[in-house]
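Below are the chains, spelled out letter by letter.
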Amino acid sequence: MALDEHKKSGGKGPEKGVWKSGKGKGRTHTKGRQLDDTAWDEVRALLGDKPRRADLLIEHLHLIQDEYGHLSAAHLRALAEEMRMSMAEVYEVATFYAHFDVVKEGATPPPALTIRICDSLACEMAGAQALKSALENGLDAAEVRVVRAPCMGRCDTAPALEIGHNFVDNATLEKVEAVIDAGDTHVHLPDYEVFSDYAQAGGYETLKTLRSTGDWEAVQDQLLEAGVRGLGGAGFPSGKKWGFVRANPGPRYMAVNGDEGEPGTFKDRWYLERVPHQFLEGLLIAAWAVEAEKVFLYMRDEYPQVLALLRIEIAALEDAGLVEPGYIDLRRGAGAYICGEESAMIESIEGKRGLPRHRPPYVAQVGIFGCPTLVHNVETLHWVTRVCREGPQVMNSTVKNGRKGLRSFSVSGRVAKPGMYVMPAGSTITDIIRVAGGMDVGHVFKAYQPGGPSSGLLPASMADIAMDFDVLQEHGSFIGSAAVVVLSEHDSAKAAALNMLRFFEDESCGQCTPCRVGCEKAVKLMQEDRWDQPLLEELSQAMVDASICGLGQAAPNPIRLVMKHFPDEV
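The structure presented is a predicted model; accordingly, all values stated were derived computationally and were not measured.

A.B. asks: Would you mind showing me how to read helix α16 (residues 342-349) here?
C.D. replies: Since the α-helix advances by 3.6 residues per turn, residues separated by three or four positions end up pointing in the same direction. Judged by how many residues are buried, α16 sits mostly within the fold: seven of eight residues are covered. If you check which residues of α16 are buried, you get S343, A344, M345, I346, E347, S348 and I349. Each element contacted by the buried residues of α16 is listed here: α3 (57-68), β7 (252-258), β8 (292-299), β9 (328-332) and β10 (373-377). Following α16 by one or two positions, G351 adopts a phi angle in the positive range, close to 85°.

Spelled out as structure tokens, the structure:
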């Protein structure tokens, strides 16, 4: 109908409503998920007067998860509104970390109680899979959720599991039922040396002296003379880091890597649960040396008891006037092994997904918030204190098999006395098994993992190699974090390698294709009765050559070493 004809007809006729093809009502809100006022009030109540900074996103997600047992879509939307962030940013971070349970609209939240049972190598050897099946069959799934979990750093008491925030060591179905019946799901603090006892014994006097009259370069030289190296696995000379960071203009920060996630490793937890202030004094000495504006202490969420005691003892340091309130910023991880990689940890500290950064630049130049950052491992700082207090000889006076220094070995598996043992750096696996009480009854030594899954497996025939940095590399392995798992004739090297690759498959951040797809394809190939060894080697080489970080580069080690040393099994 022509416009003039439409006007003449008064808008009536066969084309009625041509100007209103829609509903005739304006939109009352923006598109997308709507803000729920009740959820917003709940989030604001939880956050209280805490800053709404983006770097605190993970801390705020923990508040909601702890209070409600999950992260509902409504709460995520409310948190995004409160922090002035996009829903996409909040959602991508919440779904990256294993300890956050994101529940969409209409979905059923998880039960109030969760049992996480470790299925890493030491625990699997101790019967974790059978225990998981027994728990699933013996407990009401509507009341208790049973999930598999990566290493909890309790390999010396395998199989280990966590009920709420309470750990059950050498777990059995009966022990678990007793804990549930008692409602004992809270954190249990270990018996450790508190601030007052440490200070009374002369603790922090070294720090005070250095702060008043110390020369950071002289301390750095002491560390180099002692041979202190990065004890998170990389083994870089610790003293050199200070000079690299100091060479860059401030402000400078320090980050402590407490994300001890390498399966088989529990040495950091061992020290923190007993003598945390030796570590804390070393932390403050290193922070003094690089003139750090602030220290970010990143601790894995799998150590709730350590997080609890650190909150208490950091507050004690503040009360004693040794640090300004907030100078040590304790950050809680959320279940991501990749955050043990220093740049991924820094991304997490900034409130993001833990994706490793491309380098250069290195974190000593561009770290937290783009500033020069010193990164140290927990055990490294423990030794910083001891070297500053006792001199370089506390480490370098010990010589064995031509190697100087001491190593903290986390020992688990088929030994009589699993535990943490401080031994000469030149010790062999034979020495370590002897100190750990020998092989367990009925077991004959077959193989060993020298430094976590990343180091692969070596056979018993290679028992005379010094377990130290720069020695195992020529054998296709490395000492890493000194996470020793001992296997016996009862164990399959092939099955152990598959366990390790499944761990890497789960924990790959997915950023790079060689690692993300490589781990997945490797697991599928390794599940076959007979391995396609040429294809696995080709895949391994691609992962080593093209992966962004150490996870993908080291993941093929178990494959290659089992093919080399245990050909009859594959």
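The rest of the description comes next.
A.B. asks: Please clarify how the packing of aromatic side chains should be interpreted in this entry.
C.D. replies: Any aromatic ring pair is given by two values, namely how distant the centres are and how the planes are angled relative to each other. Scanning the entire structure with this criterion turns up 13 aromatic pairs. An angle of 80° between the planes, with centres 6.3 Å apart, marks the rings of Y97 and F100 as edge-to-face. For Y97, a relative accessible area of 2% gives the class buried. Its relative accessible area of 6% is what places F100 among the buried residues. Counting every residue linked through ring pairs, the aromatic cluster contains F96, Y97 and F100.

A.B. asks: What is the right way to look at the pattern of salt bridges in this model?
C.D. replies: A side chain with one charge may pair with a side chain of the opposite charge, provided their charged atoms come close. Under the definition given, this model contains 41 salt bridges. Of the charged contacts in the structure, one is a salt bridge between D156 and R269, with a shortest N-O distance of 3.3 Å. Placement of D156 in the loop between β4 (144-149) and β5 (161-163) and of R269 in helix α13 (residues 267-272) is noted, with a sequence separation of 113 residues between them. A relative accessible area of 5% places R269 in the buried class. Close ionic contact of D431 with K400 constitutes a salt bridge, the shortest N to O distance being 3.8 Å. Placement of D431 in helix α19 (residues 429-435) and of K400 in strand β11 (residues 399-400) is noted, with a sequence separation of 31 residues between them. The structure contains a network of salt bridges with shared partners spanning R53, D55, K294, D329 and R331.

A.B. asks: I would appreciate a short explanation of the sheet that holds strand β3 (residues 113-118) in the present structure.
C.D. replies: To summarise the sheet geometry, strands pair through backbone hydrogen bonds and adopt either a parallel or an antiparallel arrangement. Strand order in the open sheet formed by four strands is β4-β3-β5-β6, with mixed pairing between adjacent strands. Each having just a single partner strand, β4 and β6 (166-168) make up the two edges of the open sheet. The sheet shows a mean angle of 25° between the axes of neighbouring strands, direction not considered. Pairing between β5 and β6: three bridges, direction antiparallel. Residue pairing for β6: I163 is matched across the bridge by N166. Most of the contacts of helix α8 (residues 173-182) go to β5, to which it runs at about 20°, and overall it touches β3, β4, β5 and β6.

A.B. asks: Explanation requested: a negative patch on the surface in the structure shown.
C.D. replies: On the surface, a cluster of negative charge is contributed by D215, E217, D221 and E225. For E225, the location among the structural elements is in helix α11 (residues 216-226).

A.B. asks: What's the story with the nonpolar core in this structure? I'm lost.
C.D. replies: For soluble globular proteins, the rule of thumb is that nonpolar side chains tend to be buried together. Counting 87 residues, the largest nonpolar core has W242, M254, F279, L283, M299 and L310 as the members making the most contacts within it. Ranked by residue count, the leading element in this core is helix α14 (residues 276-289), at nine residues. The contacts of L310, once residues within four sequence positions are left out, are F279, L280, L297, M299 and L330. Formed by 70 residues, the second largest nonpolar core is a distinct cluster that contains L71, M125, I368 and L551.

About the cut-offs
Residues numbered from 1 in each chain as written. Predicted model: local features only at pLDDT ≥ 70, side-chain atom pairs only at ≥ 80, totals over all residues. Heavy atoms only, no water. Buried < 20%, exposed > 50% of the residue type's maximum accessible area, 1.4 Å probe, protein only. Helix = DSSP H or I, 4+ residues; strand = E, 2+ residues; numbered from the N terminus. Contact = heavy atoms within 4.5 Å. Phe/Tyr/Trp six-rings, centres within 6.5 Å; stacked < 30°, edge-to-face > 60°. Salt bridge = Lys/Arg side-chain N within 4 Å of Asp/Glu carboxyl O. Pairing = 2+ DSSP bridges. Axes fitted to C-alpha atoms, helices over the stretch in contact; angles between N-to-C directions. Patch = residues over 30% accessible without salt bridge, like charges linked within 9 Å, V, L, I, M, F, W, Y side chains within 5 Å. Areas by Shrake-Rupley, 256 points an atom, 1.4 Å probe, with all protein chains shown as cover. Lys, Arg positive; Asp, Glu negative; His and termini not counted. Charge placed at Lys NZ, Arg CZ, Asp CG, Glu CD. Core = buried A, V, L, I, M, F, W, Y, C linked by side-chain atoms within 4.5 Å.

Purely spatial values, then, with no claim about function.
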